[in-house]
Amino acid sequence: MSSVQPIVARATPLGEGAIAIVRLSGSGVFEITDQLFFPDRGGLFSTVPERTMSIGRLVDGDRSLDHPLAVRFQAPRSYTGEDMVELHLHGNPLIVDSTLQLFLRKGCRLAEPGEFSRRAFLNGKMDLAQAEGLADLIRAESDIALDLAQQQLGGELSRRFSHFRHEIVDFLALIELELDFVQEGYELLDYEKLSSTLQSLLSDIRDLLVSYRTGDLLRRGPRILLLGRPNAGKSSLFNAILGYSRSLVSSQPGTTRDYVEERIFYRGVVLHFLDSAGIRETDDDLEAQGVSFATNLIPLADHVLYLIDSSLPESTLATEDNHFISLSQKYSQSHFLKVYSKQDIGVSIDTAHSVSVFDRLSVEHLLDSLIAQYSTHKTDSLILLTQRQHQKLLAIESFLSSISNVTDTPTELLATDLRAILQPLSELTGAVTNEDILDAVFSGFCIGK
Amino acid sequence: MVRRQYDIIVIGGGHAGIEAASASARMGCLTALITLELETIGRLSCNPAIGGMAKGQLVCEIDAMGGEMAKIADISGIQFKTLGTKKGPAMWSPRSQNDKDLYPFYAQQRLREIQGLDLIEASVEDILIDKGVIKGVRLEKGDFLSCRAVILCAGTFLCGRMYTGEDQTVGGRIEERSAEYLSGSLRNVGFETARLKTGTPPRIHRDSINYSSCEKDFGDENPQPFSRSSKEVQNQIICYTTWTNTQTHQILEQGFDRSPMFTGRISGSGPRYCPSIEDKVFRFADKSGHMLFLEPEGLNTDSVYVNGFSTSLPEDIQAMGLKSIPGLEECKIIRKGYAVEYDYFPPHQLLPSLESRRVGGLFMAGQINGTSGYEEAAAQGLMAGINAVMSFRGENPIILDRSQAYIGVLLDDLSVLSTTEPYRMFTSRAEYRLLLRRDNADIRLTELGGNLGLVEPRQVGRVREKMKLVREGELLLRKLNAQYIGGDGTVWADKAWTLLKRSGVQLTSLVFSDGENLPDSILNDHEVLEQLEIASLYEGYIDRQVREVNQFKEQEEKLIPSEIDYRKIQSLSSEGREKLTKFRPRSLGQASRISGVSRSDLSILMLYIK
Ligand SMILES: Cc1cc2nc3c(=O)[nH]c(=O)nc-3n(C[C@H](O)[C@H](O)[C@H](O)COP(=O)(O)OP(=O)(O)OC[C@H]3O[C@@H](n4cnc5c(N)ncnc54)[C@H](O)[C@@H]3O)c2cc1C
Ligand SMILES: Nc1nc2c(ncn2[C@@H]2O[C@H](COP(=O)(O)OP(=O)(O)OP(=O)(O)O)[C@@H](O)[C@H]2O)c(=O)[nH]1
Ligand SMILES: [Mg+2]
């Protein structure tokens, strides 16, 4: 079979279920999966018998994402007729997202609407009647996307984007005028204005991306990791937050081994809490695994609550402070928060982030301060972006940040850069053709001999 | 000589016809070139100038493929200039002023030397088609010549009408007749035609110009030929520039009510990029002056071309307007300006090979496809000639794509997007223009020209050798350390390749470290040095374009079956369905360039591609 680009998408509906299935199809999906998924029983995934489930670790570099089931389907005995992989992940949107991102980075492309079925049709796995039905489905799906886009067209933000699109087309028209009618000696480009337009486009896009992340976070609920030394009181706090005993608690350090996740609704916001193994150097193999699990969880968490047992001696508290600082510097993307536990028996520390599991109010205080930043966002002011739109914005951002200095860039290269930006931009606002640019040239200037 | 039977017949001896006939005969087909007047073969209808932005690149591509235009332009050229030298190498575009008598002279001389090519003076009245297959052509006196393929290159001559003020005359070019029946007979068998117009400025007597009021415009100090096979070219004339003024504009406005453009007597659309002077005055009323170029039309002629003053205003207004311009106060008009309106065949009726979708073996090239310009015409003529031979041999057509050549952009735009105004090439039409340069036209196309038998093996070998040296040179430059001393005495030291990226740094100004240097074979070859400098300057950008090209090719290779019936695909959007039915794209890539065909239409279309 000729080579077909590998595609990836989630197969189960968006939202939370116990399990989420991610599908891959195309050339090289086994090889890609081999780099990311390691069966527990050893050996390469590509060598396990087809159509059997194997359990294993899904890893991104040195961090472990999940412990999913995976199935291999060898072409042509698959839904699409191509090599396929199915991953049955834990139904956490964050895990699913990270998994998709991971495969995108490894060279897969996000599937178009209906693309799995289309490939099935192409490979003779579906008859024309079924395919016709599918075509309608694609139409419908795209119409929904279109509706969404049009709704957004009404909105302030997309107005700003089509404004940018117009501005860039106009700049490009000036550049093309200068290039294609070189003899006429037009040099009308205002480099300062161009530079400031690109700057403000970049900052708008960055705002939008931040807002996207917040909106996305709100929809799925932020993930909060309880981290700290053994015996810091993590499991006790975890139980106190949930309102029932979910984790084992004991005065024995090293009680929690695996991590435990639960979610609560608190004042209208979904919060996911994770209890983890206390971190320390250990000879115990199982515990060591738990410890590495805990640190691996850090990058996946939106907030990390680092618990410090306030009943410990003063000198230990100082070392804990340092440990906190070094961790929070190492994982700078996550928000770290220092939380003093066992306030009923420890030195009293006067911050909102000091708790005792015997003091319900102190726990609520902590939760309130956590959700404060979310409730200031009104949900309806956040823009809903599809994953595709999000990718386009990222593409524009990366092109924009690669243009260093417009005045030093030769004109024809500047034109190439602007066209590179217009490409994804036009997918957000409507296509720009060569003819559009020429139109802008001819309508604005008297050219030609 | 006139025979009764040919392999291929070319109709029209303009720039398209010349290339078509030459390619067809040199590829071994017995060919006839039939044209209204043998003496006018290769005539430059408008400005005697070849090349310019994007057009110059086209000429170099024609040369790399083994076409004629570059060589004729070089020997008949009287002033040479490379435009765009203030920009980067992708913009460098050669242009020449040519002697209006020498150009056709050499064109005809070259054609006469080609074996298996007969030149015939006649008007073709009808193309005989039987059940969608070409049988031959019928001449005005009823003679019938049989052939297997026809290349129609009739230019501005199909039902040509010329206008000056309120005068209208029949003809395709001044003092030449028109072909009155051919487009009608093709309409009868289902071809769609429409009208376009173009215009030309007055010519004035060179001795009637007061040059002291004008600015001089010289050719390049170091004039460069178009063709890789031409030796030296020389500048032999000086051009001049002057400006119109508000008084000129007022005079011209007085003639508007007698202008065929404003009275609506011409309905065809004209080129927006080459507007008539009345158009400029009307549309850009706030501009107080327009630049004019005074270009001698040759060495042995009194005629000077007033570039920028294309007009179909009444002759008295033309004269009065000119006289208000500095330097032209006493000017004498030798030939008035006029507009010509003609039939063209909207080119979506063609395949990208320039073969008609409707009639196998019928090819069309040049102005009749809605383009304007000698270079655009020649490029099409060459490809139509090549592909008529391929079709004669029963082989697959040669199709250059948008990433290979401006020629590819031209044919793709025509056959996929069609055109409703005269189409001219611009560099901005080429998405991969950093790759489509004049300096590498030979690298891109000579091998192909050689395979077709149009380029001499010696030249093919030379290009291969050059490419080898470029590869070697690049490896060395990436390895060797060098220094560059800037104008202010600053010394830059780095890998030679990196130093070359600084703008203005030339390879020959680098000082290599440790006594190393490039081999003489590279140092002595200025074409190789140029390739190396450009490759390092554009590195990164070129990589990006190459990546884009690969994605682009993936889409181009997804072919749409020609028998597909879009009306039966219910789920297509109605606009998408209509456009797809009209333009019948060959590939998914082409479909994606048609406006009105949406992303989801493309997804749906993919279902039907196997
Ligand atoms: C007045 C005028 C102004 C122009 N202005 C511009 C301009 O401003 N800018 C620009 O870029 N280009 C301009 N051009 C266009 C340029 O001249 C053409 O693009 C170019 O010459 C087209 O080449 P061609 O080979 O298609 O046709 P042409 O050069 O027009 O040649 C057509 C040939 O076909 C022959 N022929 C036609 N019908 C028949 C028949 N039935 N039987 C036998 N022979 C036939 C004719 O004798 C003629 O030799 C102008 C042309 C004219 C006439
Ligand atoms: N007085 C008091 N004791 C607490 C509080 N929180 C936890 N403890 C006690 O501290 C001990 C350790 O508590 P855990 O919750 O198991 O600690 P952990 O951080 O989960 O420990 P590991 O799982 O071993 O890492 C237990 O004996 C708890 O009863 C508190 O707020 N006040
Ligand atoms: Mg615990």
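Small disclaimer: the values here were computed from a predicted structure and weren't measured.

Calculation notes
Residues numbered from 1 in each chain as written. Chains lettered and ligands numbered in written order. Predicted model: local features only at pLDDT ≥ 70, side-chain atom pairs only at ≥ 80, totals over all residues. Heavy atoms only, no water. Helix = DSSP H or I, 4+ residues; strand = E, 2+ residues; numbered from the N terminus. Domains from an automatic or database assignment. Contact = heavy atoms within 4.5 Å. Buried area = accessible area lost by both parts, 1.4 Å probe. Salt bridge = Lys/Arg side-chain N within 4 Å of Asp/Glu carboxyl O. Polar contact = N/O pair within 3.5 Å; in protein donor to acceptor, adjacent residues only side chain to side chain. Nonpolar A, V, L, I, M, F, W, Y, C, P; charged D, E, K, R; others polar. Pairing = 2+ DSSP bridges. Axes fitted to C-alpha atoms, helices over the stretch in contact; angles between N-to-C directions. Core = buried A, V, L, I, M, F, W, Y, C linked by side-chain atoms within 4.5 Å. Buried < 20%, exposed > 50% of the residue type's maximum accessible area, 1.4 Å probe, protein only. Donors = N, O, S within 2.8 Å, 3.2 Å for Na, K, Ca; no water. Arc of directions from axis to C-beta. Near = heavy atom within 4 Å. Areas by Shrake-Rupley, 256 points an atom, 1.4 Å probe, with all protein chains shown as cover.

**A closer look at unusual backbone geometry**
Note on backbone geometry: most residues besides glycine have negative phi, and most peptide bonds are trans. Here the residue pair A75 of chain A and P76 of chain A is connected by a cis peptide bond, since its omega of 0° sits within 30 degrees of zero. Within the secondary structure, P76 of chain A sits in the loop between β6 (69-73) and β7 (84-90). Phi at E175 of chain B is positive, roughly 60°, even though this residue is not glycine. Even without a glycine there, the phi angle at D514 of chain B is positive, about 55°.

**So, the domain arrangement of chain A**
Residue and element names in this part refer to chain A. Taken as a whole, chain A is organised into domain 1 (7-127), domain 2 (130-210 + 387-442) and domain 3 (220-375). Between domain 1 and domain 3, the C-alpha centre-to-centre distance is 33 Å. Contact with domain 1, which involves 10 residues of that partner, is made by 9 residues of domain 3. With both sides pooled, the region where domain 1 packs onto domain 3 buries about 900 Å², and carbon together with sulfur makes up 53% of that total. Viewed at the interface, domain 3 and domain 1 are joined by 0 salt bridges. Our count for the contact surface shared by domain 1 and domain 3 stands at 0 residue pairs in polar contact (both at pLDDT 80 or more). For the side of domain 1 that touches domain 3, the elements supplying multiple residues, two or more each, are β5 (63-66) and α2 (93-105). Element by element, the count of residues in the side of domain 1 that touches domain 3 is highest for α2, at 4 residues. Its residues assigned to classes, the side of domain 1 that touches domain 3 comprises 4 nonpolar, 3 polar and 3 charged.

**Thoughts on the sheet that holds strand β9 (residues 144-146) of chain B**
Strand-to-strand pairing in sheets goes through backbone hydrogen bonds, with the strands running parallel or antiparallel. Residue and element names in this part refer to chain B. Strand order in the open sheet formed by 3 strands is β7-β8-β9, and the pairing between neighbours is antiparallel. Each edge of the open sheet is held by one strand with a lone partner, namely β7 (124-130) and β9. Neighbour to neighbour, the strand axes of the sheet diverge by 25° on average, direction disregarded. When strand β8 (residues 133-139) meets β9, the two strands line up antiparallel, connected through 3 bridges. Bridged to R138 within β9 is F144.

**A look at the nonpolar core**
Residues and elements named next belong to chain B. Core analysis: the largest hydrophobic core is formed by 94 residues, its most contacted members being V137 and I386. When residues of this core are assigned to their parent elements, the largest contribution, 11 residues, is made by helix α9 (residues 374-393). Other than its neighbours up to four places away in sequence, V137 contacts I9, I11, I34, V124, D126, I127, L128, D143, F144, L145 and V150.

**Overview of the coordination of the magnesium ion (ligand 3)**
Here the magnesium ion (ligand 3) is held by S235 of chain A (OG) and T256 of chain A (OG1), and the distances to it run 2.0 Å. Here S235 of chain A, found in helix α7 (residues 234-242), pairs with T256 of chain A, found in the loop between α7 and β10 (260-266); they are 21 residues apart in sequence, far enough to count as distant.

**Focus: helix α4 (residues 102-112) of chain B**
Residues and elements named next belong to chain B. Buried within α4 are the following residues: Y103, P104, A107, Q108 and L111. In an axial view of α4, the angular spread of the buried residues amounts to 125°, which keeps them on one side of the axis. Buried residues along α4 sit against α1 (15-26), β2 (31-35), β3 (49-51), α3 (69-76), β5 (93-98) and β6 (117-121).

**Describing the site of ligand 2**
All names here are of chain A. Neighbouring residues of ligand 2: 23 residues in total, closest N231, S235, S236, G254 and T255. Taking S236, its side chain carries an N or O atom lying 2.6 Å from an oxygen atom of ligand 2. At 3.0 Å from an oxygen atom of ligand 2 is found a side-chain nitrogen or oxygen belonging to K342. Considered on its own, ligand 2 offers 650 Å² of accessible surface; in the complex 87% of this is hidden by protein. Residue composition of the shell around ligand 2, by class: 7 nonpolar, 12 polar and 4 charged.

**Some thoughts on the side chain of K87 of chain B**
Relative to the elements of secondary structure, K87 of chain B occurs in the loop between β4 (77-83) and β5. Among the polar contacts listed, one links the side chain of K87 of chain B to the side chain of E178 of chain A, at a separation of 2.5 Å. A distance of 3.5 Å separates a polar atom in the side chain of K87 of chain B from a polar atom in the side chain of T411 of chain A. Every residue in contact with K87 of chain B, bar those within four places of it in the chain, is listed here: E178, L179, V182, E187, T411 and E412 of chain A together with W92 of chain B.

**Observations concerning the site of ligand 1**
Residue and element names in this part refer to chain B. Near ligand 1 you find 36 residues, and of these H15, A16, V124, Q367 and G373 are the closest. In the model, an oxygen atom of ligand 1 is placed 3.5 Å from a nitrogen or oxygen of the G13 main chain. T35 places a polar side-chain atom, nitrogen or oxygen, 3.2 Å from an oxygen atom of ligand 1. Burial of ligand 1 by the protein amounts to 97% of the accessible area it has alone, namely 990 Å². Sorting the residues of the shell around ligand 1 by element identifies α1, β2, β13 (194-200), β20 (338-344) and α9 as the ones contributing at least two each. By residue number, the principal contributor to the shell around ligand 1 is β13, which donates 3 residues. Class assignment of the residues belonging to the shell around ligand 1 gives a composition of 17 nonpolar, 17 polar and 2 charged.

**A closer look at the pairing of strand β9 (residues 223-228) of chain A**
All names here are of chain A. Within β9, 6 of the 6 residues are buried, which leaves it mostly tucked inside the rest of the structure. By the alternation rule, side chains of β9 split into R223, L225 and L227 and I224, L226 and G228, which are all buried. In this structure, β9 lies alongside strand β11 (residues 269-275), joined through 4 bridges in parallel fashion. Note on β11: the bridge partner recorded for L225 is L274. Alignment of β9 against strand β12 (residues 303-309), held across 5 bridges, turns out to be parallel. Of the residues in β12, the one forming a bridge with I224 is H303.

**A word on the sheet that holds strand β24 (residues 511-512) of chain B**
Residue and element names in this part refer to chain B. Spatially, β23-β22-β24 is the arrangement adopted by the 3 strands of the open sheet, whose pairing is antiparallel. Edge positions in the sheet fall to β23 (491-495) and β24, since each of these pairs with one other strand and no more. Examined bridge by bridge, strand β22 (residues 481-485) and β24 share 2 bridges and lie antiparallel to one another. Pairing of A482 across the sheet is with F512, part of β24.

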